[in-house]
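Now for the letters of each chain:
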Amino acid sequence: MAPGEVTERERLEEAARTILNALPGDAEKAVKIVGSKSIMVKAARGSVSVAQGFQDLLLEIYLARDGKIAVTSFKTPRLDDAAKIAARVVDKLEKSPLYAPLPEPSGSSSQAVDEKVATMVAEGDTAGLTSLLDPDRWGDISGMAELAVTTTVLTASNGAELTLEKTSFNGYTRIFGREFRSGQWSWVSTRFDEKLAEEAIRTAKQLAEECSKLPEEVPEPGSYRLLLSPMVGGNLLEIVASSLLAGSVLLGFSMFSHNKPGDRIASDALTLSSTPLDDELPGYSMFDDEGVATRDIAAIENGVLKTFLHNTKTARLMGAETTGNAGWILPRLFNLQVDPGDISPDNVYEALGDGLYLTNNWYTRLQNYLEGRFSTVLRDAVIRVRNGKPVSCTPGYKLRLAGSLKDLIINVEAAGSKPYNIMWWEVNRPFKLPHIIVASSPGIEVRRG
Amino acid sequence: MKSGENSRYDFYPPDPVLLEKLVEKALDKGASYAEARFHARLGDSVLVVNDRVVGGGFEIEEGVAFRVIVDGALGFASTSLLSEESLDSVVDHAVSIARSSSRGFRKKVGMSEERLGQAQYSLKVKKDFRNLELEDKASIVLEYSKSLESKSVDLKAKTFSYSDVLEAKLIITSDGGNIESIIPRVSIFYNIAAEHGDRRANKWGHLAGSGGLELVGELGLESMLKDDVNSLEVNLVKAEPSPKGVMDVIISPEIVGLALHESIGHPSEADRVMGREAAQAGLSYRMWLDGRIGSSKVTVADDPTVPGSYGFYLYDDEAVPARERILINKGELAELLHSRTTAYSFGVQSNGAARAMNYRSEPIVRMSNTYLKPGDMRFEELLEDVKEGIYMKSYMEWNIDEFRLVARYVGLEAYLIKNGRIVKPVRDTVLEIPTESFYSKIDGVGKDLRFYAGICGKGEPPQPLPVWMGGPHVRVRDVRVG
């Protein structure tokens, strides 16, 4: 960069300050600007199907006056209008029962930038992503690979002046073997880690090949000892984590609405944490939307509900402390993590003994949010394991998993020692977690689809 | 292209001449096809929880999407920065990423030759939401929230999310398409959580359509809410465990619409049939299945031109004129839903099903308003010769496998039928049913067509899009209830 040249971060900081100053002086106010660029390549059945590039500028304004709360969002360059519209909107609301003053800022600025990602995105270099998905290497491959660069600036009337610059590299692939027997896996990182991506793609290929070699056996309906891959665990435990957001309790979407911190809600083998400080994952941030310092915090620790996840608003309403999970109106998730156990990757079948290895799932729906009753369609390889050995396989679409998420987490028995970085269509937040073994329970049934 | 009367709803499209020049520039740089789309979405939102306004806001997103085909490779680039310089660079970006990934395109992309539209249209409304302030919109929702009550269950949480959106597009294609459109939409999503003793359940609902605030009354929010509270009361207080076994099932329009969307609409998307959604939204039984799938009473349409519908449009996002698509004709599988790229691959004409969520989205094959054509039977006639069966009136859970072969629907409000009469409420009725069984066993179709709003998911980045789903009551013979 030439001397004197204004960086993207400096440009956004200046814009945020200008808009903050244009907002009414008698209001609490915060301005967040996110500038982002990304490139993505999608593949389908052994061919690239589209190459995409995105450039966005997102401006969000928080304004609170007389106990009224407004959040306005602009994906447009018309920043001149933003302050005027935001002020007008807040005046047209009633006092919010959620209102709490913006807290003292305690967060700090930070970076998790991989220059290689930044360069590839700036140059629109999709060739590297295309070669990663090469069908000559992987066969009948579908999926996507994406690189992104984001700069976030938060400026607020509580004195917060914070920036976060980060990159991300994520994707997922599905590889088909014979007769729609497939494997699927994902990866996510703040760095361009080709080994991580290749390991994920290789895992998808190995699952497809293993399932193709094994004889087909569609398991009888019933309860089984289950080995959940990180893809499946990530999907189901993300719903559990969402249910631990105080906003979910408030809106009538939480299976833990009758629980309180200190309650045992899961087995002692499960520790589920919010991990915004993990800079290997792109949910990384050292401040939340209120400018509060984020922290890694176990929401469920060895099976015990330690805390719901709060911003200052839900914390005030529920008599708790903020956990640094602010969204401006309701709390939100950053990264998630399940603590690993001691089963080595080579011994997961042996640890399962007799049961089913569920490698992926899809289309999870809650029958009853308040009781955590759900069903989900299995997808890709479902491997029958007997005496610690894989003996048969069926494509997951022939099976469904149904039951209670409360039963599932209380029956977690053990976890693998190796964590995987997972994010894909059905796992929305970056999630680091291992394989998980769930004991056979009448509350969790495998059904034929 | 006019902006709104209220400054919040103004949008600022780039000069169409500039977009035309950019399209020309892409051709000069070697593209065989180019398409520019200005796409704006602007609207208010309010969140009401337990009869209190928790917060509100306004959202604007506007930007330009640019799509090209270079050497058989499809490139897409978008930006929310609308300066001439930014737009110029987005063309370069689209062309360069298409070119740099072209080696990976084993299946070359092309566009079907079509009669493209050159038109401007704007949906007229009776009660324009642009003329109301946020407090007026909040008061509408508050009134409904406060009216919710139950004598038999505790309503523990009542959540209402109101939003409106003005969606404006200007689409220019290198082969003559030129469409300007403005469509307003209103949406109210709600969730009611209830308890009775140690039992708990929730019911969420969605009222939405294209038009103004008149939709709230016309689509019957008041009766929807009453029905849903009644469903919770029936389930939590009165219902007994559902019987299991093979029996007849009468299914309400709410569940029929959902079933059609999932098991007929999605598998009829040509891009799924080609495998383009193989790692995302999945595949389709129409990869191998053709011919008869249902009884002669089953005719299923997808029609974007239904007035007031949530999935309304007159031209798709590739400038192809919209029309009704018949997906099942008297039990026979019929048309697939096509964009120009899938139509090119299949060697047919597009039927105008390409939709994009916003300026960040490429147009892909999507449903609009999918419904079962009504028959001529009254509800009582459907009931009268059922010896033993279930009437499923509302649902709380559903899913379906990626090929769309077997679906699951779990009833919230359901009743046992004996000898042609509804005798008592039952709960947790589970219908897990193969698609072919479902449609081939329909022997009675009501005349009471009704639509329900939904948000349909697909694509990467994901593109949630507004749709309607609907149908009349139907009777399905001899199916397994679990």
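Reading the values: rules and limits
- Residues numbered from 1 in each chain as written.
- Chains lettered and ligands numbered in written order.
- Predicted model: local features only at pLDDT ≥ 70, side-chain atom pairs only at ≥ 80, totals over all residues.
- Heavy atoms only, no water.
- Patch = residues over 30% accessible without salt bridge, like charges linked within 9 Å, V, L, I, M, F, W, Y side chains within 5 Å.
- Areas by Shrake-Rupley, 256 points an atom, 1.4 Å probe, with all protein chains shown as cover.
- Salt bridge = Lys/Arg side-chain N within 4 Å of Asp/Glu carboxyl O.
- Lys, Arg positive; Asp, Glu negative; His and termini not counted.
- Charge placed at Lys NZ, Arg CZ, Asp CG, Glu CD.
- Helix = DSSP H or I, 4+ residues; strand = E, 2+ residues; numbered from the N terminus.
- Buried < 20%, exposed > 50% of the residue type's maximum accessible area, 1.4 Å probe, protein only.
- Pairing = 2+ DSSP bridges.
- Contact = heavy atoms within 4.5 Å.
- Axes fitted to C-alpha atoms, helices over the stretch in contact; angles between N-to-C directions.
- UniProt positions renumbered as here; feature names shortened; annotations may be inferred.
- Phe/Tyr/Trp six-rings, centres within 6.5 Å; stacked < 30°, edge-to-face > 60°.
- Lys NZ or Arg CZ within 6 Å of the ring centre and 35° of its normal.
- Domains from an automatic or database assignment.
- Buried area = accessible area lost by both parts, 1.4 Å probe.
- Expected span 1.5 Å × (residues − 1).
- Arc of directions from axis to C-beta.
- Parallel < 35°, antiparallel > 145°, perpendicular 65-115°, else oblique.
- Left-handed = near helix turned anticlockwise from the far one by under 90°.
- Nonpolar A, V, L, I, M, F, W, Y, C, P; charged D, E, K, R; others polar.

Enquirer: Where do I start with a negative patch on the surface in this structure?
Expert: Residue and element names in this part refer to chain B. Side chains of Asp15, Glu20, Glu24, Asp28 and Glu84 sit close together on the surface and give a patch of like negative charge. No other element matches helix H1 (residues 16–28), which puts three residues into the negative patch. In this fold, Glu20 is placed in helix H1. Under the relative-accessibility criterion, Glu20 is labelled partly exposed at 35%.

Enquirer: Please clarify how the pattern of salt bridges should be interpreted in this entry.
Expert: Residue and element names in this part refer to chain B. What the rule picks out here adds up to 81 salt bridges over all chains. A salt bridge links Asp44 to Lys137, with the nearest nitrogen and oxygen atoms 2.8 Å apart. A residue pair is termed long-range when its members are at least 10 positions apart, and Asp44 in strand E1 (residues 33–49) and Lys137 in helix H3 (residues 134–147) qualify at 93 residues. You can call Asp44 buried: its relative accessible area is 1%. One salt bridge connects Arg276 with Glu362, and the closest N-O pair in it is separated by 3.2 Å.

Enquirer: How do you make sense of the sheet that holds strand E12 (residues 332–333) of chain B when you look at a structure like this?
Expert: The strands making up a sheet associate through hydrogen bonds between their backbones, and the pairing can be parallel or antiparallel. Residues and elements named next belong to chain B. Taking strand neighbours across the sheet as the criterion, the six strands line up as E12-E11-E10-E15-E24-E23 in an open arrangement whose pairing is mixed. Edge positions in the sheet fall to E12 and strand E23 (450–456), since each has one partner strand and no second. The pairing of E23 with strand E24 (residues 465–471) spans seven bridges and is classified as antiparallel. By the bridge assignment, Cys456 is partnered in E24 with Leu465. Contacts from helix H6 (residues 253–265) reach strand E10 (300–302), strand E11 (325–329), strand E15 (369–372), E23 and E24 within the one sheet, and its direction differs from that of E24 by about 120 degrees.

Enquirer: Looking at this structure, how should I read the UniProt feature "domain: Metalloprotease TldD/E C-terminal" (unreviewed entry) in chain B?
Expert: Per the UniProt record, "domain: Metalloprotease TldD/E C-terminal" (unreviewed entry) is annotated on residues 245–481 of chain B. A helix fraction of 16% and a strand fraction of 36% characterise residues 245–481 of chain B, whose end C-alpha atoms lie 5 Å from each other.

Enquirer: What should I look at first to understand the packing of aromatic side chains in this one?
Expert: For any two aromatic rings, the description comes down to two numbers: the centre-to-centre distance and the angle of the planes. Under the counting rule described, the total for this entry stands at 27 aromatic pairs over all chains. For the pair B:Trp288 and B:Phe403, a centre-to-centre distance of 5.4 Å together with 50 degrees between the ring planes defines the contact as tilted. In this pair, B:Trp288 sits in the loop between helix H7 (270–274) and E10 while B:Phe403 sits in the loop between strand E17 (395–400) and strand E18 (406–411), placing the two residues 115 residues apart along the sequence. Their ring planes at 70 degrees and their centres at 5.3 Å tell us that B:Tyr371 and B:Phe451 sit as a pair that is edge-to-face. With a gap of 80 residues between them, B:Tyr371 in strand E15 and B:Phe451 in strand E23 connect regions that are remote in the sequence. Taken together, the ring pairs connect A:Phe176, A:Phe180, A:Tyr397, B:Trp288 and B:Phe403 into an aromatic cluster. Positioned over the ring face of A:Phe176 is A:Arg45, at 4.3 Å from the centre of the ring. One residue, A:Arg365, lies across the ring of B:Trp398, its end atom 4.7 Å from the ring centre.

Enquirer: I tried to follow the domain arrangement of chain A on my own but got confused; where do I start?
Expert: Often the size quoted for an interface is simply the accessible area lost on bringing the parts together. All names here are of chain A. Looking at the assigned domains, one finds that chain A contains domain 1 (8–211) and domain 2 (214–448). The partner domain 2 presents 52 residues to the 54 residues of domain 1 that form the contact. Counting each side, the surface lost to burial between domain 1 and domain 2 is near 4,100 Å², with a carbon and sulfur contribution of 61%. Among the residues of domain 1 in contact with domain 2, Leu98, Trp185 and Val188 are the three that bury the most area, contributing 17% of the side total. Where domain 1 packs against domain 2, one counts four salt bridges.

Enquirer: What exactly am I supposed to notice about a nonpolar patch on the surface here?
Expert: Together, B:Met274, B:Phe346 and B:Val348 give the surface a local cluster of nonpolar side chains, amounting to about 220 Å² of exposed area. Within the element layout of this structure, B:Phe346 appears in helix H8 (residues 340–346).

Enquirer: Explanation requested: the UniProt feature "domain: Metalloprotease TldD/E C-terminal" (unreviewed entry) in chain A in the structure shown.
Expert: Under the UniProt annotation, "domain: Metalloprotease TldD/E C-terminal" (unreviewed entry) lies at residues 221–439 of chain A. Segment residues 221–439 of chain A splits into 17% helix and 33% strand. End C-alpha atoms: 16 Å apart.

Enquirer: In this structure, what is going on with helix H1 (residues 8–22) of chain A? I would like to understand it.
Expert: Note that an α-helix has 3.6 residues per turn; residues three or four places apart therefore point the same way. All names here are of chain A. When the terminal C-alpha atoms of H1 are compared, their 21 Å separation across 15 residues agrees well with the 21 Å that a helix rising 1.5 Å per residue should span. For H1, the complete set of buried residues consists of Leu12, Glu13, Ala16, Ile19 and Leu20. For H1, the angular spread of buried residues about the axis comes to 135 degrees, placing them on one side. Of the exposed residues in H1, the ones pointing more than 90 degrees away from its buried face are Asn21 and Ala22. Turning to H1, the residues buried within the fold contact strand E1 (28–44), strand E2 (47–65), helix H2 (79–91), strand E5 (141–156) and strand E6 (161–176).

Enquirer: Sorry if this is basic, but what is going on with the packing of H1(B) against helix H2 (residues 84–101) of chain B here?
Expert: Describing two packed helices takes the angle between their axes plus the distance from one axis to the other. Residue and element names in this part refer to chain B. Across the interface, H1 lies against H2 with an axial gap of 10 Å and an inter-helix angle of 30 degrees. Considering their axes alone, H1 and H2 lie roughly parallel with respect to each other. Like other packed secondary-structure pairs, H1 and H2 cross with a definite hand, here right-handed. Across the interface between the two elements, Leu18, Leu22, Lys25 and Ala26 of H1 pack against Glu84, Leu87, Asp88, Val91, Asp92 and Val95 of H2. For the contact of H1 with H2, a count of residues per class yields six nonpolar, no polar and four charged.

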